[in-house]
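# Close look at the chain arrangement
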Protein chains: 2
Amino acid sequence: MPTSLVVVHVEVHVKPDGVDAFVRATRENAARSLEEPGVARFDVAQEAGDPTRFVFVEAYRDAAAVAAHKETAHYRTWRDAVAGLMAEPRRSRTFASVCPDADRW
Amino acid sequence: MPTSLVVVHVEVHVKPDGVDAFVRATRENAARSLEEPGVARFDVAQEAGDPTRFVFVEAYRDAAAVAAHKETAHYRTWRDAVAGLMAEPRRSRTFASVCPDADRW
């Protein structure tokens, strides 16, 4: 088993009038993403004080799982559904998990 | 049950020669933090390409749990242990969880 997971943080800034549609599409995508065998976390949170800003915390078992996620129908549906709702391009950062241990995510 | 959790992201920049000591102190604090009844997540990850940068993703059941964490002996021990290892002050942002549902974190 790998000793760390691939953790991806995605910062999303949504147009004010797109927040409700974004949340609906994102809840659907997150639920389906958690069914992927290589996905350990798919957490989405909305910034306190600015409901147009979200962060996704996605944890994958390995790099292949990151690539596999991008090939899923639910990811592509989400990507297309939210394309017109973005206030600016999404930004992502990649990390390696430190703790908890890889089998505890 | 609350419909969302309080999610705190903490960005940490460590001095290069402090990384190993920081990881040791942080693993201990994270394990003990997960034993707190109000803590649902205490994930720590290290940035790909820059091992001196870390992000903590802490999810709490409510604001009282955030405050309770700061009062624990393990938090205070960690805070004091890492004080001299910081390259710059820590920065935090607060979010409300969107998904998964609050009882799934």
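As shown above, the structure is provided for reference.
Residues numbered from 1 in each chain as written. Chains lettered and ligands numbered in written order. Predicted model: local features only at pLDDT ≥ 70, side-chain atom pairs only at ≥ 80, totals over all residues. Heavy atoms only, no water.

### Notes on the relation of the copies chain A and chain B
The two copies are related by a screw operation: chain A maps onto chain B through 180 degrees of rotation and 0.0 Å of translation along the axis, at an RMSD of 0.0 Å. Taken together, the rotation and translation describe the operation of a two-fold axis. It is V57(A) whose C-alpha, among those of chain A, lies nearest the rotation axis, at 4.3 Å. (Least-squares fit on C-alpha atoms with pLDDT ≥ 70 in both.)

### Focus: unusual backbone geometry
The step from C99(A) to P100(A) runs through a cis peptide bond, and the omega angle for that step is 0 degrees. Here P100(A) is to be found in the segment after β4 (91–99). (Helix = DSSP H or I, 4+ residues; strand = E, 2+ residues; numbered from the N terminus.)

### Quick notes on the interface of chain A and chain B
The interface of chain A with chain B comprises 29 residues on the first partner and 29 residues on the second. Of the roughly 2400 Å² buried where chain A meets chain B, counting both sides, 57% is carbon and sulfur surface. Of all residues in chain A, R93(A), V98(A) and C99(A) bury the most surface against chain B, accounting for 23% of the area lost on that side. Between chain A and chain B we count eight salt bridges in total. (Contact = heavy atoms within 4.5 Å. Buried area = accessible area lost by both parts, 1.4 Å probe. Salt bridge = Lys/Arg side-chain N within 4 Å of Asp/Glu carboxyl O.)

### Overview of the environment of A59(A)
Residue and element names in this part refer to chain A. Summarising the element assignment, A59 is placed in strand β3 (residues 53–60). When the C-alpha positions of A59 and F42 are compared, they lie 6.7 Å apart, and in sequence the two are 17 residues distant. What A59 contacts, discounting residues up to four positions off in sequence, is L5, V6, V7, G38, V39, A40, R41 and W105.

### With respect to the pairing of strand β4 (residues 91–99) of chain B
Relative to β4(B), strand β2 (residues 39–47) of chain A runs antiparallel, the two sharing four bridges. Paired with A45(A) across the strands is S97(B), a residue of β4(B). Note: strand β1 (residues 6–13) of chain B against β4(B), six bridges, orientation antiparallel. Note on β4(B): the bridge partner recorded for E11(B) is R91(B). (Pairing = 2+ DSSP bridges.)

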